[in-house]
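# Report on the structure
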Amino acid sequence: MAEKTSDTGAVVLQDGLAHVCSVWGTTSKVRVRIEMEVPRKGRGNDAQREVCLARFYNAVCRAMLRYFDLSVIKCIIIASPGSVKDHFFNYVFAEAKRLNQRRLLESRDKFLLVPAGSGHKYHLNELLEDPHLPGLVANVKASENVAALELFSKTMMNHPDRAYYGIKHVEYAAIHGAVSLLLVTDTLIRSPNKATRKRYSQLADSVRDCKGDIKIFSSAHESCQELEELTGVAAILRFTLPELQDVEEGDGVTEDTAYDVYAN
């Protein structure tokens, strides 16, 4: 069976030791273990220590970027004792700025820094069992969706001909390749009703095929409730469709014909 894709990553580290892991709820899988010699602090070799730390941080950062697809990942947990996590985080984004790594720079809000006992894997396991962690991770994962919902509201206010909600309007726009950003709740796209699930999955595929962005809102977060007040599906268009204003909720693509339209 193919391994389920994870949208959460974790790096648990201490000076000279790191584990880069994929996370699914309270379980994790080590992608790579990194161990390098780093002189201890306060032994008169601070310059050498800084060189070794930079080399270590660079190796951890490269491993993180290798194993975490930033277009898929929604939260990266950085865990360590003391201030190691903060020093590593600052190193990562100083280097990203120096090298103009835009994708990484744009992912800054995906990082969650939390304390851990050490850089050993068992301390990550302990952390994942913490009942407070899921809420923190959910907030990080939802940050992009909250921003997307705010953008939709602003677009609706300033450019109402480029912001629509309701399945018929959004389907019509998607079929014409006009959807730049799709917002949809997980209760729709993962509905237990087969017809509903297929309809919204094909809607998402249609948007993805036209290089549109998709934000799936988790029912575990309050932002999902806000989207549900807008029928659970909304879209920002990359160009206007004047005829879309005439589409009624009872017109256009029906649930029976939607699949045939998407297939064409």
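One can find the structure itself at the top, above this paragraph.
Residue numbers here run from 1 along each chain, matching the order of that chain's written sequence. Given that this is a predicted model, residues contribute local features only at a pLDDT of at least 70 and side-chain atom pairs are listed and counted only at 80 or more, while totals for whole chains, interfaces and linings are drawn from all residues. In computing side-chain values, all of the structure's heavy atoms are included and hydrogens and water are not.

Let us look at the overall build of the protein chain. Secondary structure summary: the protein chain contains ten helices and nine strands in total. Once the C-alpha set of the protein chain is aligned to its principal axes, its extents read approximately 75 × 35 × 30 Å. We call two residues contacting when some pair of their heavy atoms lies within 4.5 Å. Across the protein chain, every contact between residues at least 6 apart in sequence was considered, and the portion connecting residues at least 24 apart equals 73%. For the area figures, the Shrake-Rupley method with a 1.4 Å probe applies, and any residue is considered shielded solely by the protein chains shown. Approximately 14,200 Å² of the protein chain is accessible, and the part contributed by carbon and sulfur atoms is 49%. Counting from the N terminus, the helices are the DSSP runs of H or I reaching at least four residues and the strands are the DSSP runs of E reaching at least two.

This part covers the pattern of salt bridges. Here a salt bridge means any side-chain nitrogen of Lys or Arg lying within 4 Å of a carboxyl oxygen belonging to Asp or Glu. This structure, assessed with the given rule, holds eleven salt bridges. The closest approach of N and O atoms between Asp 7 and Lys 141, which form a salt bridge, is 2.9 Å. Of the two residues, Asp 7 is situated in the segment before β1 (8-14) and Lys 141 in helix α5 (residues 133-158); the sequence distance between them amounts to 134 residues. Only protein chains enter the accessibility calculation, which uses a 1.4 Å probe. A residue is then buried if its area is under 20% of the maximum for its type, exposed if over 50%, and partly exposed in between. The partly exposed category is assigned to Asp 7, whose relative accessible area is 25%. Exposure remark for Lys 141: the relative accessible area of 25% places this residue in the partly exposed category. Asp 86 is the partner of Lys 85 in a salt bridge, and the nearest nitrogen-oxygen pair spans 3.8 Å.

So, about the packing of aromatic side chains. Here a Phe, Tyr or Trp ring, Trp counted by its six-membered ring, pairs with any other such ring whose centre lies within 6.5 Å, and the pair is stacked when the planes are under 30 degrees apart, edge-to-face when over 60, and tilted otherwise. Tallying each qualifying case throughout the model produces six aromatic pairs. A centroid spacing of 5.7 Å and a plane angle of 50° characterise the contact between Tyr 57 and Tyr 91, whose relative ring orientation is tilted. Here Tyr 57, found in helix α1 (residues 46-67), pairs with Tyr 91, found in helix α2 (residues 84-98); they are 34 residues apart in sequence, far enough to count as distant. Given the relative accessible area of 17%, Tyr 91 is considered buried. An aromatic cluster of three or more residues is present, and its members are Phe 56, Tyr 57, Phe 88 and Tyr 91.

Note: two strands are recorded as paired if DSSP finds a minimum of 2 bridges between them. Here we have four strands laid out as an open sheet, ordered β6-β9-β7-β8, and mixed in their pairing. Because the sheet does not close on itself, it has two edges, and the strands there are β6 (163-165) and β8 (213-217). Adjacent strand axes in the sheet meet at a mean angle of 15°, parallel and antiparallel pairs treated alike. Pairing analysis gives five bridges linking strand β7 (residues 179-185) to strand β9 (residues 233-237), with the strands arranged antiparallel. Counted as the bridge partner of Val 179 is Leu 237 from β9. Each axis is a line fitted through C-alpha atoms, taken for helices only over the stretch in contact, and angles between the N-to-C directions span 0 to 180 degrees.

Further remarks concern the environment of Leu 113. Summarising the element assignment, Leu 113 is placed in strand β5 (residues 111-115). With 103 residues separating them along the chain, Leu 113 and Ala 10 place their C-alpha atoms 9.9 Å apart. Contact partners of Leu 113, with chain neighbours within four places excluded, come to Ile 78, Lys 85, Asp 86 and Phe 89.

Turning our attention to the layout of surface pockets. Only protein atoms enter the 1 Å grid used here. Points where a 1.4 Å probe fits but cannot escape make up a cavity, open sets with protein on both sides within 12 Å along at least five of seven lines make up a pocket, and a residue lines them when an atom lies within 4 Å of a point. Grid points are joined across faces, edges and corners, and a volume is the space filled by probe spheres set on the points. Roughly 1,300 Å³ of internal volume is contained in the largest pocket. Taken together, 38 residues make up the lining of the largest pocket; nearest its centre are Asp 7, Val 72, Ile 73, Lys 74 and Lys 141. Sorting the residues of the lining of the largest pocket by element identifies β2 (17-24), α5 and β8 as the ones contributing at least two each. Of all the elements, α5 adds the most residues to the lining of the largest pocket, at eight residues. All residues other than Ala, Val, Leu, Ile, Met, Phe, Trp, Tyr, Cys, Pro, Asp, Glu, Lys and Arg, Gly among them, are scored as polar; the first ten of these are nonpolar and the last four charged. Here the residues of the lining of the largest pocket are counted per class, giving 16 nonpolar, ten polar and twelve charged. Its volume calculated, the second largest pocket comes out at about 260 Å³. Taken together, Asp 15, Lys 41, Asp 46, Arg 49, Glu 50, Leu 53, Ala 54, Tyr 57, Ser 83, Val 84, His 87 and Tyr 91 make up the full set of residues lining the second largest pocket. For the lining of the second largest pocket, the element with the highest residue contribution is α1, accounting for six residues.

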